[in-house]
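Chain residues, written in single-letter form:
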Amino acid sequence: MDLEFTGQERAFREEVRSFLQTELPRDISEKVAAGKELGREDILRWQAILHAKGWVAATWPKEYGGPGWSAVERHIFSEECALHSAPRLPAFGLNMLGPVLIRFGNEQQKRDILPRILDGSDWWCQGYSEPGAGSDLASLRTRAVRDGDHYVINGQKTWTTLGQYANRIFCLVRTSTEGKPQEGISFLLVDLDTPGIEMRPIKLIDGGHEVNEVFFTDVRVPVTNLVGQENQGWTIAKYLLTHERTNIAGVGFATKDLERFRRLAREIIRDGQRLSENPLYAARAAEIEAELEALRITNLRMLANARDGAAGGVESSLLKLKGTQVRQALQDLYRSALGAQAAPIADELSENELTVPVEAARAAPVYFNHRKLSIFGGSNEIQRNIVAKELFRE
Amino acid sequence: MDLEFTGQERAFREEVRSFLQTELPRDISEKVAAGKELGREDILRWQAILHAKGWVAATWPKEYGGPGWSAVERHIFSEECALHSAPRLPAFGLNMLGPVLIRFGNEQQKRDILPRILDGSDWWCQGYSEPGAGSDLASLRTRAVRDGDHYVINGQKTWTTLGQYANRIFCLVRTSTEGKPQEGISFLLVDLDTPGIEMRPIKLIDGGHEVNEVFFTDVRVPVTNLVGQENQGWTIAKYLLTHERTNIAGVGFATKDLERFRRLAREIIRDGQRLSENPLYAARAAEIEAELEALRITNLRMLANARDGAAGGVESSLLKLKGTQVRQALQDLYRSALGAQAAPIADELSENELTVPVEAARAAPVYFNHRKLSIFGGSNEIQRNIVAKELFRE
Amino acid sequence: MDFNLSEDHQLLSGSLRRFLAANYDIETRNRAAFTAPFHAPEVWSGLAELGVIGAFVSEEQGGFGGTADDVAVIFEELGQGLCAEPMLGTLLGLRLLAALGRSDLVGRVISGESRAALAAFEPQAACDLFCLDASARPEGDGWRLSGRKSAVYGAPGADLVLVAARITGADGSTLGLFLVNQPDLIAAPMIDGGGIADIVLDGLWAECLSPDCGGLIEDALDLGRIALCAEAVGAMSHLIEITIDYLRQRKQFGRSLASFQALQHRIVDMVVEREQCRSITIAAVAAYGTPAQARTVSMAKNLIGRMGSKIAEEAIQLHGGIGMTWEYPGSHYAKRLVMIDHQLGDRNDHALRMIRLQPIAEAA
Amino acid sequence: MDFNLSEDHQLLSGSLRRFLAANYDIETRNRAAFTAPFHAPEVWSGLAELGVIGAFVSEEQGGFGGTADDVAVIFEELGQGLCAEPMLGTLLGLRLLAALGRSDLVGRVISGESRAALAAFEPQAACDLFCLDASARPEGDGWRLSGRKSAVYGAPGADLVLVAARITGADGSTLGLFLVNQPDLIAAPMIDGGGIADIVLDGLWAECLSPDCGGLIEDALDLGRIALCAEAVGAMSHLIEITIDYLRQRKQFGRSLASFQALQHRIVDMVVEREQCRSITIAAVAAYGTPAQARTVSMAKNLIGRMGSKIAEEAIQLHGGIGMTWEYPGSHYAKRLVMIDHQLGDRNDHALRMIRLQPIAEAA
């Protein structure tokens, strides 16, 4: 048993750390720490910095412009990014479409598209979910009908994250209604400026604009935009979903959140007692800390398994379940810590009108926003089904 | 809205209280308070006292020897009994078979059997559950085959509570395998000294002997022991099960348990702090107290509904669910309060060897024993199914 | 023993429900609740006309109600309808004006002409009046206040702001109550709708309503806590109802979500807790004005704080993505249920208050 | 980074598992665990021969192991096999004898010839050595002890009982460790099997092993806590496994219980927590001997205290009546998992210990 990283891995962590300390713009990391929405420009600015370093596409092989990292190095990188409040780059091009093209795309597609993902020329968004099909992708209904050299798409996609910043979208569409529902699905790339596409914002519970609906009406897409074979999109879809799950436990984020709670608890006085000395808050924090420390190790164990080629879907489901529980518990604790001061919408107050630290002022909306963690990327109920299927396999 | 009992009801409570204070033998209530097993004689002694007062069969109408109480009076009586650590009389004759006979029995059966239930001449036990059929009664397999003036029973019953004290058993038996499984069931009365019956103890998790298995091999029972019609036992069985559910919330027991915890917490010193001042224990107790206070009111609300003829199966399921949760939480808290002193099997120690109060010494076995609360009488999972069926009824 | 609503209460709650259904759909609500003055004046007038405000004080005091039961019946309906009007602040302020005999102002508030609010707690005092820091000193005919008040519910637009402040004399200090007219506010909408404000007192001139009324203020706050509990019960009931409807309608993997046992069991647990929350609110109503008041109210606020969040989180989860959207009313109900725990002391504050206050039986 | 067992550990755990499977079925276990001397001497000898006891101390100290990892590997197997032999007391006593250089006694314990136990805690001191009350005063060649010790695990039948007692001098007090031979015991079996005793010291004559070794005693206790955590992980694993088997086999309403989604989801939650418990035990093993030791061990003991009970309760519930019976081995696993929280400080004691001890990063 050995929990230590190798010397090389520790050196890598130092390198990442000093890169983040010098290169990550302060104004951006402060927005991230305070749970504020980032603009398109913020994100692209950070992407450009990472791109210059060659670190933008953690999961890509070197030949396509990735850094060629091991699973452990990827882990270290994303952990340090979380601890330094670096923005998460949108995963759709870098962690989803990129790996899909590398695996299933033709040479032309790789040559044309991958570099534009790396340098931020293209901002991809996803067209997976539909109003009637959340976790149940096989039931999707958006149709693409072949018409000469084009597909004609009609239908609706939803939960399209940051679609408002995107210029391109990859879609799962139904190209056949024969056979099992999974069998008639294809994977298509679509320019968002194609006529017939309308994107509408979905305002979320916290008031933010993070996701969208996308409507397709007779949208004509060249058949060269098909990835892989027609009606074989299901295989691609599943491959993509496993890639969606990198850094699924979110240990870095949770560590950051716990730190932030401790800082706040040392500052807040509530009814004559510093919150860090309030036994109920302190005990709750201690118990979550124990769970987080366990999660950190669970994550490393699964990482070691992955390195040894043994990690499976069940393990990532376990990490998703406990990771979201711990992160949501921390959001709950942090929001609670503010007491009555959690209620005002902070955007309407100036910094010197606030009675709480700026980084805490958006605690409540961030808590509500984080309820999504147990819903998206396969809800926690779906994750339990996956694990149960494995446990009770005959 | 009015939570007050009427003047008459309050007077009744006073009457019950003073009766218990003067008539309940001290040695018996001490055993109950300390969670010790009661012997047959203890229980019969208390039953005789109640019988002399005419209070032994709370749910029976006056004409059959019951006290003729209202639902509220029954509630008050059982609450006071719990608060005074009176033993629960075995429900099988008094709360199950009695009401069944009053409703479904013939005159001969009522005349012969009911008085012997009241005065303790007969101790009834139940033959409902079978090894293969816990909550799923319809699948029972014990057969009774008609042979002239007798039924011949073969099969096995289990979870027969206090069968070791009983001389008679009522059984659900399969008399037909035609139609739906529910349709071929009959309700039979059996003397335990009939040849072919063997009763074997089941030792429980806490080491106690509370339940038994009963084996039937060619047991001949006169057909006059049939209650109601052949193959109509399902109706009787369901009727009986609703009667099993009197005092299902157990508020009196929980109130007593909370009191007992507070008393203990004021006595125990743990690492330099009185346990009643240990914020984690105190807060847990406070939260359970809030739930218990709510449960007390929920119980009264449902009692008022019952009085008004509106209480249903769903309400008793709700009471069962929350009642068992609260009681089990209190058992858990109480056991935990003892720390390392909960571990020794107290029966092996004399009173002056103990470092905890006698009434606390059996906390751990009692806690384990009380896990049964959420299993028997229709497990909590079954209760959830019942409520869900109602909530999602089309 | 009777848990049915009286005929008067049935009438009151029925008319309140109909009024909100007719005049207060979710769009109207959200428009008013998040834009200054963070409420809908025409709805407010309507509520006043219905007698909702008057029901908070007794006939002797110029109203037509005044029991804790009256307050609970109204707030449960407000919760069902997710009403973000400044009713809590008004309840607190009005109760104190009435208790201190200011019938001139009571009448104006009941008619809807004036609005009152109570500035009791402070950035460092969440639930315990003994920890208040704001102070008052006499000057000429009036008083000067200093300190900072926070979480003044309904303050934006209120013309009568009551401020609790400590008066220190030779023998120690008392908690006085002061009236200020339209002070400067640091105002904002709340996450869950409705207005809230801080007030920097900073030598503000004030009229003294009472030099020593800590007990009355605590009573008003306890009634406010009961109101919040009743509101939560109403909101829970509605949220569970629409969650059940959603599960019935929504299909996944070819089956209605309502047919999945794991989801069914979770709904059942929510229903059990909702019943418990209703019961503990009834207990708090019954204990109001008795020696058990403070402790029972704290039980209620603790239980509802815990279960409100739990039910809100479960409801969002059971809805999936839809439950996360602003457009879906359920999300606003969920927010309200979570944020109620932040008002007038949270689950932990009230657990600690229960611990401080011995049970009556043991204290005796 | 490597989470696989070393080859040595694979051998050790494999041979321990085979030994227990061959020599320690549940009937043998229950017979020994509940009848004085509350263990099975022949099983004990066998374990000693396997080298299990020797693995608790290092080669320099006369053993052939001694790392926290060695201890955890062994106790996880003991947990899998529900071994009620007095291994915890032996671990605690042996570690201290070794640390204090009593190689004469170390050898006897390792060979199985002697058995050791540690009398540290008292009826009013559950987890905090600073709260010990027992005291020692010199007399002639030796010392006299007074006070009362409780929860001395494995004391029945142990010939070497180490007693922690306070020595008060002019400058304050130190915590000393004393050796007594076969003192009078108030002995009993534990609810979950195995022997426990109180010792009324009452002027008992003792040999002083060290006049000041509070730190060493705390280290031994922390290692004992790690052992308990590892044992719990083993017991959880077995209990979950047989619960899954039961659900597969058992039919209700014509369907396998394993097909009910609500039950499936609960099993999944148990498995998630088991993995977490394994992880936190690994963390505690890794922290042993570092500045993070005390705090990480307390994290582990807290989490395992909570989850051990939860898994035990769920396992019983999922089994229904069968899970309540003495005959079914699962009930004894469940008891062990619940009762582990009562040993060497419970979830609350360790949460409070975590709060007392600042995180290393912040203390720095």
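Residues numbered from 1 in each chain as written. Chains lettered and ligands numbered in written order. Predicted model: local features only at pLDDT ≥ 70, side-chain atom pairs only at ≥ 80, totals over all residues. Heavy atoms only, no water.

Visitor: Quick question: what am I supposed to make of the overall build of chain A here?
Guide: The secondary structure content of chain A amounts to 12 helices and 10 strands. The C-alpha atoms of chain A give 22 Å as radius of gyration, which agrees with the globular expectation for 394 residues (21 Å, within 12%). Projected onto the principal axes, the alpha-carbon positions of chain A cover approximately 75 × 50 × 50 Å. Every one of the 394 residues in chain A was classed for burial, and the buried ones make up 59%. Here the analysis covers contacts within chain A between residues at least 6 apart in sequence; of these, 73% occur between residues at least 24 apart. Put simply, chain A shows about 15700 Å² of open surface, and 48% of that area lies on carbon and sulfur atoms. (Helix = DSSP H or I, 4+ residues; strand = E, 2+ residues; numbered from the N terminus. Rg over C-alpha atoms; globule rule 2.2 N^0.38 Å. Buried < 20%, exposed > 50% of the residue type's maximum accessible area, 1.4 Å probe, protein only. Contact = heavy atoms within 4.5 Å. Areas by Shrake-Rupley, 256 points an atom, 1.4 Å probe, with all protein chains shown as cover.)

Visitor: Please explain the interface of chain C and chain A as it appears in this structure.
Guide: Think of interface size as the accessible area that goes away when the parts come together; that is how it is often given. Residue-level contacts link 52 residues of chain C with 48 residues of chain A. Interface of chain C and chain A: buried area, both sides summed, is about 4000 Å²; carbon and sulfur atoms make up 59% of it. Seen at the junction of chain C and chain A, the total is 4 salt bridges. For the salt bridge of Glu381(A) with Arg266(C), the shortest nitrogen-to-oxygen distance reads 2.7 Å. If you look at where chain C meets chain A, you find 22 residue pairs in polar contact (both at pLDDT 80 or more). Going through the elements one at a time, β4 (148-153), β7 (186-189), β8 (195-200), β10 (251-252), α8 (261-287), α9 (293-319), α10 (329-340) and α11 (347-356) of chain C are the ones with two or more residues in the side of chain C that touches chain A. Taken together, the residues of the side of chain C that touches chain A sort by class into 26 nonpolar, 13 polar and 13 charged. (Buried area = accessible area lost by both parts, 1.4 Å probe. Salt bridge = Lys/Arg side-chain N within 4 Å of Asp/Glu carboxyl O. Polar contact = N/O pair within 3.5 Å; in protein donor to acceptor, adjacent residues only side chain to side chain. Nonpolar A, V, L, I, M, F, W, Y, C, P; charged D, E, K, R; others polar.)

Visitor: I would appreciate a short explanation of the UniProt feature "domain: Acyl-CoA dehydrogenase/oxidase C-terminal" (unreviewed entry) in chain C in the present structure.
Guide: Mapped onto this numbering, the UniProt entry annotates "domain: Acyl-CoA dehydrogenase/oxidase C-terminal" (unreviewed entry) at residues 217-333 of chain C. Secondary structure across residues 217-333 of chain C divides into 79% helix and 3% strand, with the first and last C-alpha atoms of the span separated by 29 Å. (UniProt positions renumbered as here; feature names shortened; annotations may be inferred.)

Visitor: Which parts of the structure should I look at to understand the domain arrangement of chain A?
Guide: All names here are of chain A. Segmenting chain A into domains produces domain 1 (7-89), domain 2 (124-231) and domain 3 (248-391). Computed from C-alpha coordinates alone, the two centres of domain 2 and domain 3 are separated by 32 Å. Summing both sides of the interface, domain 2 and domain 3 together bury roughly 470 Å²; the carbon and sulfur share of this comes to 51%. For the pair domain 2 and domain 3, the interface holds 1 salt bridge. Looking at side-chain class alone, the side of domain 2 that touches domain 3 contains 2 nonpolar, 1 polar and 2 charged residues. (Domains from an automatic or database assignment.)

Visitor: Is there a simple way to explain the packing of aromatic side chains in this structure?
Guide: Two measures describe an aromatic ring pair: the distance that separates the ring centres and the angle between the ring planes. Residue and element names in this part refer to chain A. Taken as a whole and judged by the stated rule, the model has 32 aromatic pairs over all chains. Ring centres of Phe12 and Trp69 lie 5.3 Å apart, and the angle between their planes is 70 degrees; this geometry places the pair in the edge-to-face category. Of this pair, Phe12 sits in helix α1 (residues 7-23) while Trp69 sits in the loop between α3 (40-53) and α4 (71-83), and the two are 57 residues apart along the sequence. As far as burial versus exposure is concerned, Phe12 and Trp69 are alike and both buried. Joined through ring pairs, the aromatic side chains of Phe12, Phe19, Trp46, Trp55, Trp69 and Phe77 make up one cluster. (Phe/Tyr/Trp six-rings, centres within 6.5 Å; stacked < 30°, edge-to-face > 60°.)

Visitor: Looking at this structure, how should I read the sheet that holds β4(C)?
Guide: Sheets are built from strands that pair by backbone hydrogen bonding, the pairs being arranged parallel or antiparallel. Residue and element names in this part refer to chain C. Ordered in space as β4-β8-β7, the 3 strands form an open sheet in which the pairing is antiparallel. With partners counted over all chains shown, the strands left at the sheet margins are β4 and β7, one partner each. Neighbour to neighbour, the strand axes of the sheet diverge by 15 degrees on average, direction disregarded. Where β4 meets β8, 4 bridges bridge the pair, whose relative direction is antiparallel. (Pairing = 2+ DSSP bridges. Axes fitted to C-alpha atoms, helices over the stretch in contact; angles between N-to-C directions.)

Visitor: Would you explain the environment of Thr255(B) in this entry?
Guide: Residues and elements named next belong to chain B. Examined against the element boundaries, Thr255 turns out to sit in helix α8 (residues 251-267). Judged by its relative accessible area of 26%, Thr255 falls in the partly exposed class. Between the C-alpha atoms of Thr255 and Val356, which are 101 residues apart in sequence, the distance is 21 Å. If near-sequence neighbours (up to four positions away) are discounted, Thr255 is found in contact with Leu83 and Leu292. Separated by 2.7 Å, the side chain of Thr255 and the backbone oxygen of Val251 make a polar contact.

Visitor: How do you make sense of the interface of chain B and chain D when you look at a structure like this?
Guide: Listed per partner, the contact involves 48 residues of chain B and 52 residues of chain D. For the pair chain B and chain D, the summed buried area comes to about 4000 Å², and 59% of that belongs to carbon and sulfur atoms. Counting the surface chain B buries against chain D, the share from its top three residues, Ile205(B), Asp271(B) and Ile375(B), is 17%. At the surface where chain B touches chain D, the tally comes to 4 salt bridges. Our enumeration of links across chain B and chain D arrives at 22 residue pairs in polar contact (both at pLDDT 80 or more). Sorting the residues of the side of chain B that touches chain D by element identifies β6 (197-203), β9 (269-270), α9 (279-307), α10 (313-337), α11 (363-369) and α12 (380-391) of chain B as the ones contributing at least two each. Counting residues per element, the side of chain B that touches chain D draws most heavily on α11(B), which supplies 5 residues.

Visitor: Would you mind going over the packing of helix α1 (residues 7-23) of chain C against helix α4 (residues 68-80) of chain C with me for this structure?
Guide: Between two packed helices, what matters for the description is the angle formed by their axes and the separation of those axes. All names here are of chain C. Their axes nearest at 10 Å, the elements α1 and α4 cross at an angle of 25 degrees. Put simply, α1 runs roughly parallel to α4. The hand of the α1/α4 crossing is right-handed. Facing α1, whose interface residues are His9, Leu12, Ser13, Leu16, Arg17 and Leu20, α4 presents Asp69, Asp70, Val73, Ile74, Glu77, Leu78 and Gln80. Split by residue class, the contact of α1 with α4 holds 6 nonpolar, 3 polar and 4 charged. (Parallel < 35°, antiparallel > 145°, perpendicular 65-115°, else oblique. Left-handed = near helix turned anticlockwise from the far one by under 90°.)

Visitor: Help me out: how do you make sense of the sheet that holds strand β4 (residues 148-153) of chain D in this one?
Guide: Residue and element names in this part refer to chain D. In space, the 3 strands of this open sheet follow the order β4-β8-β7, with antiparallel pairing throughout. In this open sheet, the two strands that pair with only one neighbour each are β4 and β7 (186-189). With strand direction ignored, the average angle separating the axes of adjacent strands in the sheet is 15 degrees.

Visitor: Is there a simple way to think about the nonpolar core in this case?
Guide: One recurring pattern in soluble globular proteins is that nonpolar side chains are buried together. Among the nonpolar cores identified, the biggest contains 493 residues, and Phe187(A) and Phe187(B) are the most heavily contacted of them. Ignoring anything within four residues of it in the chain, the contact list for Phe187(A) reads Leu97(A), Val100(A), Tyr128(A), Phe170(A), Cys171(A), Leu172(A), Asn225(A), Leu226(A), Val227(A), Gly233(A), Ile236(A) and Leu240(A). (Core = buried A, V, L, I, M, F, W, Y, C linked by side-chain atoms within 4.5 Å.)

Visitor: Got a minute to help me understand the state of the cysteines in this structure?
Guide: In a disulfide, the sulfur atoms of two cysteines are held together by a covalent bond. For the structure shown, the criterion picks out 0 disulfides over all chains. For Cys125(A), which is in no disulfide, the shortest distance to another cysteine sulfur is to Cys171(A) and amounts to 7.7 Å. Assessed through its relative accessible area of 0%, Cys125(A) is described here as buried. Not engaged in a disulfide, the cysteine Cys131(D) finds its nearest cysteine sulfur in Cys127(D); these two sulfurs lie 9.7 Å apart. (Disulfide = S-S within 2.5 Å.)

Visitor: Even after reading the chapter, I still don't get helix α7 (residues 214-249) of chain C, so can you show me in this structure?
Guide: Every α-helical turn comprises 3.6 residues, leaving residues that sit three or four positions apart pointing alike. Relative to the 52 Å expected for 36 residues at 1.5 Å per residue, α7(C) spans 52 Å between its end C-alpha atoms, a close match to the ideal helical length. Extensive coverage of α7(C) is indicated by the burial of 27 of its 36 residues. (Expected span 1.5 Å × (residues − 1).)

Visitor: Sorry if this is basic, but what is going on with the domain arrangement of chain C here?
Guide: All names here are of chain C. If you check the domain split of chain C, you get domain 1 (7-114), domain 2 (118-213) and domain 3 (216-363). Taken together, the contacts link 15 residues of domain 2 with 15 residues of domain 3. Between domain 2 and domain 3, roughly 1300 Å² of surface is buried when both sides are summed, and carbon and sulfur atoms account for 68% of that area. On the surface where domain 2 and domain 3 come into contact, there are 1 salt bridge. As a salt-bridge pair, Asp192 and Arg336 come within 2.6 Å of each other at their nearest N and O atoms. Looking at the side of domain 2 that touches domain 3, the element that brings in the most residues is strand β6 (residues 172-181), giving 3 residues. Within the side of domain 2 that touches domain 3, the residues separate by chemical class into 12 nonpolar, 1 polar and 2 charged.

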